[in-house]
Amino acid sequence: FPSHDRGACIVPLAKVASSVVPPLSIVFWRVFLASIIFIPIAYKNKEKITIKKIKQLAPLSVILSINFTAAITSVKFIPTSLTPIIYATTPLVTYAITQIRNKKTEFKSKYILGMIVGFAGLVIATLQNIRVEDDIFKTSFGVLLVFTGVICFSIYGIKSKDYQEE
């Protein structure tokens, strides 16, 4: 499960933790603990873990790790309130990637309008969270990291759905 879905306290905790522990260490321990929890569940459900499945899922794991790393690293460069605001663009990014990837996917115009209105609200909220005294390059890099995480999370969600359908 993505760390940004677990509540409003995750980003401030990540900011404090990343000042003490390197972001890749946080990602490692998060993935390690999730593996300890989910491997027995997969075994209990009689999921066959084959080399073919591992090779198929390895790129997906790398994409998800980039998402975690980008999100955790970004809090060093931007206000903590900005990360969840930018992550809220995930539905819009997922829709765009799906449209580029598969022209047959259709969404109703009210969904598109809702995403545009939501995105406009995010832009307004984001601009309110950027302080004038902030270093524009540092802030831009942090925002770029978060968007990298959003794109990776969207790709992860799309590919996971594809694998579940197989």
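### A few points about the pattern of salt bridges
As enumerated under the stated definition, the model contains one salt bridge in all. Put simply, Arg101 and Asp162 hold a salt bridge, and the shortest N to O gap is 2.2 Å. Taken as a pair, Arg101 in helix α5 (residues 90-101) and Asp162 in helix α7 (residues 136-165) lie far apart in primary sequence, 61 residues in all.

### Brief notes about the packing of aromatic side chains
One pass over the full model with this rule turns up two aromatic pairs. Look at Phe77 and Phe141: their rings are 4.9 Å apart centre to centre, the planes differ by 90 degrees, and that puts the pair in the edge-to-face class. Here Phe141 lies in helix α7 and Phe77 lies in the loop between α3 (51-74) and α4 (82-87), a separation of 64 residues in the sequence. With relative accessibility at 25%, the residue Phe77 sits in the partly exposed group. Ring centres 6.5 Å apart and planes at 25 degrees place the aromatic pair Phe153 and Tyr156 in the stacked group.

### Focus on the environment of Gly121
Structurally, Gly121 can be placed in helix α6 (residues 109-129). With 36 residues separating them in the primary sequence, Gly121 and Ile85 have C-alpha atoms 9.5 Å apart.

### Side note on the nonpolar core
As a rule of thumb, nonpolar side chains are buried together in soluble globular proteins. Of all hydrophobic cores here, the largest spans 14 residues; its most connected members are Ile78, Leu82, Ile86, Tyr87, Val143, Val146 and Val150. Looking at this core, the elements that each hand over two or more residues are α3, α4 and α7.

### Here's the deal with α3
Over its 24 residues, α3 runs 34 Å from end to end, which matches the ideal 34 Å to within 8%, given 1.5 Å per residue. Most pronounced at Leu57, the bend in α3 amounts to some 35 degrees, and the proline Pro59 follows within four residues. For α3, the set of buried residues is Leu60, Leu64, Asn67, Phe68, Thr69, Ala70, Ala71, Ile72, Thr73 and Ser74.

### Quick notes on the environment of Val143
One can find Val143 in helix α7. A C-alpha to C-alpha distance of 8.2 Å links Val143 and Leu82, two positions 61 residues apart in sequence.

Thresholds, definitions, all that
- Residues numbered from 1 in each chain as written.
- Predicted model: local features only at pLDDT ≥ 70, side-chain atom pairs only at ≥ 80, totals over all residues.
- Heavy atoms only, no water.
- Salt bridge = Lys/Arg side-chain N within 4 Å of Asp/Glu carboxyl O.
- Helix = DSSP H or I, 4+ residues; strand = E, 2+ residues; numbered from the N terminus.
- Phe/Tyr/Trp six-rings, centres within 6.5 Å; stacked < 30°, edge-to-face > 60°.
- Buried < 20%, exposed > 50% of the residue type's maximum accessible area, 1.4 Å probe, protein only.
- Core = buried A, V, L, I, M, F, W, Y, C linked by side-chain atoms within 4.5 Å.
- Expected span 1.5 Å × (residues − 1).
- Bend = angle between axes of the 7 residues up to and from the residue.

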